[in-house]
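Tertiary structure, described
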Amino acid sequence: MTAVAITDAVDTYLQRKAVGDPESSGAGTYASNAESILRRWAEWLAAEHGVRLISTLEVGHMRAYAAELRRRTERGEYTASTAGTYYAVVRAFLSWCVRGGICETNPAATDRAESALPSAETRPTSDSWTATQRRRLERSVRERALETGQSTSDRRRRLREYAMVAVLAHSTARGAELFSVPDDDRRTGATWDDVDFYTGTIRVLGKSQRLEDVPLPARARTPLRRYRVVLDPPSNDWPLFPTGHAPSIARRVRAVLCDRGFADETIESLLEETTAAQLARERSIAPPAITTEGARSVLRRLCETAGIDVDGNYLTPRGVRRAQATQSYRQEATASKPTLRASVLEQSAVVLADQPSVVDAERTEGNESTDSE
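Just so you know, these numbers come straight off a predicted model, no measurement behind them.

**With respect to the overall build of the protein**
- Along the protein, the regular secondary structure elements total 16 helices and four strands.
- Buried residues in the protein amount to 49% of all 373 residues.
- As presented, the protein carries roughly 17,800 Å² of accessible surface, and 48% of it is formed by carbon and sulfur atoms.

**A look at the environment of Ala 42**
- On the secondary structure map, Ala 42 appears in helix H2 (residues 27-49).
- Overall, Ala 42 belongs to the buried group, its relative accessible area being 12%.
- Through-space distance from the C-alpha of Ala 42 to that of Val 90 is 9.6 Å; in sequence the pair is 48 residues apart.
- Setting aside residues up to four positions removed in sequence, Ala 42 forms contacts with Ile 6 and Thr 7.

**Topic: the environment of Arg 139**
- Note on placement: Arg 139 falls in helix H6 (residues 131-145).
- Distance from Arg 139 to Tyr 162, taken between C-alpha atoms, is 9.2 Å for residues 23 residues apart in sequence.

**A closer look at helix H4 (residues 80-99)**
- Taking 1.5 Å as the rise per residue, H4 with 20 residues should run 28 Å; its terminal C-alpha atoms sit 29 Å apart, in good agreement.
- Every buried residue of H4 is listed here: Ala 80, Thr 82, Ala 83, Tyr 86, Tyr 87, Val 89, Val 90, Phe 93, Leu 94, Trp 96 and Cys 97.

Criteria and cut-off values
- Residues numbered from 1 in each chain as written.
- Predicted model: local features only at pLDDT ≥ 70, side-chain atom pairs only at ≥ 80, totals over all residues.
- Heavy atoms only, no water.
- Helix = DSSP H or I, 4+ residues; strand = E, 2+ residues; numbered from the N terminus.
- Buried < 20%, exposed > 50% of the residue type's maximum accessible area, 1.4 Å probe, protein only.
- Areas by Shrake-Rupley, 256 points an atom, 1.4 Å probe, with all protein chains shown as cover.
- Contact = heavy atoms within 4.5 Å.
- Expected span 1.5 Å × (residues − 1).

Now the structure itself:
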């Protein structure tokens, strides 16, 4: 049998699906959604197992892939259904390879490989929040954010934490849609360009791998507006929740400046004169977004500060959302929607004009914190 590279087979498969495979419906949409999944799978195989040819792919490799999906589900990066969808896309691709004579059998379509997939019950053990715990966490981060006498950096950090908790608690946006997911080049974190304060929505890459407009209720918008004023993002592509990891910011700054034609010596000289974070602002270089794991660490610390504990563990992003929030509508983003979005300067003007006084804000939020679910 002819040796065929996995990446070449993926390219051919996607091309045929994109033009309309008569054996399936909605082929173009399927190809678009499947592309990132298959390419990440191929990269993972090459990096973790050195497998680059279809002929060398074995059941053990697919079991390892299923186990990797399970680990990510247990970490809260994926839901069990998302992991199942990713695996199903790869399995369908390999079935196509069998039909085309590229390989003899489908190593993904075996009980041994599929048994390693996460079940519907697979989820972090600390995923359960009560209304009391959520309100306690919100009250804690709000009070810390509104304390007087803070430095600018402390105020920015605390308002970031307050906004993060509020958006997770009162919108249907998932952690993997707001934060960066390692090894997933499409999930790089939400940016300020995704937020529309006029319509009260945030655009995210949903579980369907399509862009969706998610409602941002007032309880999420108010902390987000405050945070934006202090953050003062220099460009639309600035992440909603930038990482605070200095080495990651420095790597991004070096890469962007190199792409802009700066010599290595010049870049290092600039970094010696100021911090990577400050240089990123001065040069309008958007830093990476905080990762899902980084967000979990932030929540762990906030829960400890607020004295919240669940069975000896901490609360995770998925569990922050209110029970009824999952019932809120989501609307697939339309191609025309971006033209209706305001520029970063226009949105900043709205943010500033819409800011409540400290007294009014504390009164409003005090009332919110006592509402039941």
